[in-house]
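The lines below spell out each chain.
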Amino acid sequence: MTRSIRLDDLAATDAFSARLAALLGAADVILLTGDLGTGKTTLARGVIARLCGVKDAPSPTYTIVQLYDCLDGGELWHADLYRIEDPSELEELGLDEAFDTAICLVEWPDRLGEHLPPDRLEIRLETLEGSQTGREARLTGYGRWETRIDDI
């Protein structure tokens with residue numbers, strides 16, 4: 001199932017991240033795609049702020065994975081796979097195990113290769129033509145996300 005949501009400005013993106021965060025729990029995997037500068041990290045930061053109480057979460061571009069304790073006691077993994085050149089590099093990160101137990105926000109998921117989880121929500125962000133801050137979020141649900149996508 002696929003659905004599109006227009007995010008006209010940063011406030012709309014923040015509201016979207018709030019709706020998304022309200023639905024997330026253990027073993028939920030969110031894959032964030034889009035060109036550089038389309039708001040993947042901004043969206044992830046909004047979710048992290050709500051679930052973990054961290055207001056200025058750093059981008060994991062250089063650390064690749066950043067772990068957070070959720071306010072409800074769970075765990076959230078924020079991964080930026082931009083610098084991954086081969087899927088074999090993922091084994092030492094432990095993402096496969098995290099997909100089964102933690103909330104996972106993954107930027108540049110095309111690097112996952114065969115590690116792509118069957119239950120996932122893919123969010124593709126694209127800049128609205130002629131806009132500095134406007135985006136379109138195209139949501140595609142797989143597995144158990146197929147029935148949850150309309151709740152966002």
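The coordinates are above.
What counts and how
- Residues numbered from 1 in each chain as written.
- Predicted model: local features only at pLDDT ≥ 70, side-chain atom pairs only at ≥ 80, totals over all residues.
- Heavy atoms only, no water.
- Core = buried A, V, L, I, M, F, W, Y, C linked by side-chain atoms within 4.5 Å.
- Buried < 20%, exposed > 50% of the residue type's maximum accessible area, 1.4 Å probe, protein only.
- Helix = DSSP H or I, 4+ residues; strand = E, 2+ residues; numbered from the N terminus.
- Contact = heavy atoms within 4.5 Å.
- Pairing = 2+ DSSP bridges.
- Right-handed = clockwise from strand over helix to strand, strands pointing away.
- Axes fitted to C-alpha atoms, helices over the stretch in contact; angles between N-to-C directions.
- Parallel < 35°, antiparallel > 145°, perpendicular 65-115°, else oblique.
- Left-handed = near helix turned anticlockwise from the far one by under 90°.
- Nonpolar A, V, L, I, M, F, W, Y, C, P; charged D, E, K, R; others polar.
- Phe/Tyr/Trp six-rings, centres within 6.5 Å; stacked < 30°, edge-to-face > 60°.
- Lys NZ or Arg CZ within 6 Å of the ring centre and 35° of its normal.

## Let's talk about the nonpolar core
One finds Leu20, Ile30, Leu51, Leu76, Leu121, Ile123 and Leu139 to be the most contacted residues of the largest nonpolar core, which totals 28 residues. Counting residues per element, the ones that place at least two in this core are β1 (2-7), α1 (10-23), β2 (29-33), α2 (40-52), β5 (103-107), β6 (120-127) and β7 (135-142). Counting residues per element, this core draws most heavily on α2, which supplies six residues. When neighbours within four sequence positions are excluded, Leu76 is seen to be in contact with Val47, Ile48, Leu51, Cys52, Gln66, Leu67, Tyr68, Cys70, Ile103 and Leu105. Formed by 17 residues, the second largest nonpolar core is a distinct cluster that contains Leu31, Trp77, Phe99 and Ala102.

## Describing the pairing of β5
With respect to burial, β5 is a largely interior element, five of its five residues being buried. Burial along β5 is two-sided: Ile103, Leu105 and Glu107 and Cys104 and Val106, pointing in opposite directions, are all buried. Pairing analysis gives four bridges linking β2 to β5, with the strands arranged parallel. Looking at the pairing, Ile30 lines up with Leu105 of β5. The pairing of strand β4 (residues 75-80) with β5 spans five bridges and is classified as parallel. Note that in β5 the partner of Trp77 across the bridge is Cys104. Handedness of the β4-helix α3 (residues 95-101)-β5 crossover: right-handed.

## Re the sheet that holds β6
The strand order across the open sheet built from seven strands is β1-β7-β6-β2-β5-β4-β3, with neighbouring strands paired in mixed fashion. Here the strands that pair on one side only, and so sit at the sheet edges, are β1 and β3 (65-69). Across the sheet, the axes of successive neighbouring strands diverge by a mean angle of 20 degrees, strand direction being ignored. Sheet analysis places β6 next to β7, joined by eight bridges and oriented antiparallel. Within the sheet, the bridge partner assigned to Arg120 lies in β7 and is Tyr142.

## Things to note about the packing of α1 against α2
Put simply, α1 and α2 touch, their axes get as near as 8 Å, and they point 50 degrees apart. Compared by their axis directions, α1 and α2 come out oblique. Relative to α2, α1 is oriented so that their crossing is right-handed. Every residue of α2 that contacts α1 at Leu10, Thr13, Asp14, Phe16, Ser17, Ala18, Leu20 and Ala21 is listed here: Thr42, Leu43, Gly46, Val47, Arg50 and Leu51. Classifying every residue of the contact of α1 with α2 by side-chain character gives eight nonpolar, four polar and two charged.

## Comments concerning the packing of aromatic side chains
Summed over the entire model, instances satisfying the criterion amount to one aromatic pair. Residue placement shows Arg120 over the ring face of Tyr142; its charged tip is 3.9 Å from the ring centre. Positioned above the aromatic ring of Trp145, the side-chain terminus of Arg148 is 3.9 Å from the ring centre.

## With respect to unusual backbone geometry
Working note: non-glycine residues mostly have negative phi, and peptide bonds are mostly trans. Positioned with a positive phi, Ala27 is a non-glycine residue whose angle comes to about 70 degrees. Within the fold, Ala27 resides in the loop between α1 and β2. For Ala27, a relative accessible area of 16% corresponds to the buried category. In this structure, Ile64 takes a positive phi of about 75 degrees despite not being glycine. Tracing the sequence through the fold places Ile64 in the loop between α2 and β3. Residue Ile64 is classed as buried on the basis of its relative accessible area, which comes to 13%.

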